[in-house]
Amino acid sequence: KRRPTEEQHMNAIVTTMCLLALGLASVSAEQLDVSALTEATGGVLLHLDCDDGELTEALAQDGRFVVLALDTKQSDVSATRERLMEAGLYGAASADLWDGQTLPVVDGVINAVIADDADYVPRSEVDRALRPGGALITRDGDGWSAQTKPEPETVYEWTHFLRDATNNRVTD
């Protein structure tokens, strides 16, 4: 069995971050269509409790999202990495260990957090990781449901390069 080396793992993380930085990184997997549940058409997905990596692989197949799979068990992380390597997707998707409480991402960068059961993760931690308009997607019986993080009232869309037709770059 081929297992990713530490160097390959680090290369995958670097590749993932580069794709994110370039904006080259949405997904519509058979089991889960993220774009139908959220407004996200690209960006970063956080898949919690990746198990054997089947859903992680499906999420990465489309190529519109960068997928970071997290699990508390090393065996599941290893199985997911192996699956992604075999599918040629390691880089567009990666897997890592986490403590089950604190998401290892900066504030407001995740488009969607996907979990079969997210009850054990503090909602404040999920909200910290999600960007405004991002969604927590959880299994709902045989399907999936999404809870969207609201946009702050102080945020609005700029209709012109310098905010509005007055060309004033200062917001209210």
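Note that this is a predicted model, so its numbers are computed, not measured.

Rules and cut-offs
Residues numbered from 1 in each chain as written. Predicted model: local features only at pLDDT ≥ 70, side-chain atom pairs only at ≥ 80, totals over all residues. Heavy atoms only, no water. Helix = DSSP H or I, 4+ residues; strand = E, 2+ residues; numbered from the N terminus. Buried < 20%, exposed > 50% of the residue type's maximum accessible area, 1.4 Å probe, protein only. Areas by Shrake-Rupley, 256 points an atom, 1.4 Å probe, with all protein chains shown as cover. Axes fitted to C-alpha atoms, helices over the stretch in contact; angles between N-to-C directions. Left-handed = near helix turned anticlockwise from the far one by under 90°. Contact = heavy atoms within 4.5 Å. Nonpolar A, V, L, I, M, F, W, Y, C, P; charged D, E, K, R; others polar.

## Observations regarding the overall build of the protein chain
Secondary structure assignment for the protein chain yields 5 helices and 6 strands. For the protein chain, the N- to C-terminal ordering of α and β elements is α-α-β-α-β-α-β-β-α-β-β. Looking at the protein chain as a whole, 42% of its 172 residues are labelled buried. Of the roughly 9,400 Å² that the protein chain leaves accessible, carbon and sulfur atoms contribute 50%.

## With respect to the packing of helix 3 (residues 54–61) against helix 4 (residues 74–87)
Where helix 3 meets helix 4, the closest approach of the two axes is 9 Å, and the angle between their N-to-C directions is 35°. Here the hand of the crossing between helix 3 and helix 4 comes out right-handed. Here E54, T56 and E57 of helix 3 lie close against helix 4, whose contacting residues are T80, R83, L84 and A87. Its residues placed into classes, the contact of helix 3 with helix 4 shows 2 nonpolar, 2 polar and 3 charged.

Distances and angles like these do not, on their own, reveal function.
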